[in-house]
Amino acid sequence: PCALPILQIHMHALESRRQRDWGDAVHGGRELHHLAERGVLGPGTTIAHGVYLRDADIDLLAERRAMVAHNCSSNLRLACGIAPVRRLVARGVTVGLGSDDMAVDDDEDMLAEVRMAHVAQRIWDGPEPLLGARDVLRLAWEGGARIAGLEGSVGRLEPGYLADAVVLDMAAVRGVFGSPRLAYEDLVVAHVPAAG
């Protein structure tokens with residue numbers, strides 16, 4: 001017998017407080033459990049936003065190996081809030097960065113999205129450790145590949161992977177203020193301007 005491919009499902013869920021309130025009132029806060037019971041929540045499922053995920057929802061996502069598309073700029077722009085990215089990562093949920101076509105400057109600049117996600121996760125209130133620049137870049141590269149269903153073909157710069165490459169003049173990125181002791185990923189996240 002041949003194995004069936006995993007169906008990729010992408011859906012918006014728990015983006016706003018209003019959606020969570022509706023879920024609490026109509027489904028007793030078990031919307032994602034209803035999806036899981038019907039076989040919809042699994043390794044090919046990506047929940048977009050998830051700003052108002054409950055702890056039980058996060059545990060369920062981890063158990064079912066479902067993923068979350070973190071659209072930081074969109075969430076901030078629409079005044080939805082800050083997703084519990086650190087909690088998701090700490091519990092083993094795959095998180096990929098996206099923009100939901102609502103980047104802050106309407107320019108779909110993924111480095112700006114990485115920068116925004118890096119700063120916003122520091123503000124989110126939770127006991128989980130902060131994510132460093134390398135961690136957030138990994139959410140963009142490897143997490144982004146996984147939520148797009150492209151894991152194993154993009155998301156890494158290594159033989160066999162498809163890639164676009166950007167060459168940076170790190171001396172220019174460091175400028176006069178960047179210490180030579182700063183890791184390149186910290187400089188990239190903090191200082192690299194949008195391509196243009």
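So, how was this worked out
- Residues numbered from 1 in each chain as written.
- Predicted model: local features only at pLDDT ≥ 70, side-chain atom pairs only at ≥ 80, totals over all residues.
- Heavy atoms only, no water.
- Helix = DSSP H or I, 4+ residues; strand = E, 2+ residues; numbered from the N terminus.
- Contact = heavy atoms within 4.5 Å.
- Buried < 20%, exposed > 50% of the residue type's maximum accessible area, 1.4 Å probe, protein only.
- Arc of directions from axis to C-beta.
- Core = buried A, V, L, I, M, F, W, Y, C linked by side-chain atoms within 4.5 Å.

A. The overall build of the protein, seen in detail. Of regular secondary structure, the protein possesses 9 helices and 4 strands. The helix and strand sequence of the protein, counted from the amino end, reads β-α-α-β-α-β-α-α-β-α-α-α-α. Principal axes of the C-alpha set define a box for the protein whose edges measure 55 × 45 × 30 Å. Sequence separation of at least 24 residues holds for 66% of the intrachain contacts in the protein that already meet a minimum separation of 6.

B. Expanded view of unusual backbone geometry. The residue H49 is not glycine, and still its phi comes out positive at about 85 degrees. Here H49 is to be found in strand β2 (residues 45-49). Taking relative accessible area as the criterion, H49 reaches 0% and is therefore assigned buried. At A79, a position not held by glycine, the phi torsion is positive, near 60 degrees. Along the polypeptide, A79 turns up in the loop between α4 (72-77) and α5 (85-90).

C. Spotlight on helix α3 (residues 55-64). Residues D57, I58, L60 and L61 constitute the buried set of α3. All buried residues of α3 project into a common sector of 160 degrees when viewed along the axis, lining one side. On its buried face, α3 is in contact with α2 (31-37), β2, β3 (67-70) and α5. Trailing α3 by a residue or two, R65 shows a phi angle of about 60 degrees, which is positive.

D. Representation of the nonpolar core. By size, the foremost hydrophobic cluster in this structure holds 32 residues, and its most contacted members are L32, L41, I47, L53, L61 and L88. Elements with a minimum of two residues in this core: β1 (9-13), α2, α3, α5, β4 (94-97), α6 (110-123) and α7 (133-147). With sequence-adjacent residues up to four places away left out, L88 is seen in contact with L53, I58, L61, V68, V93 and V95.

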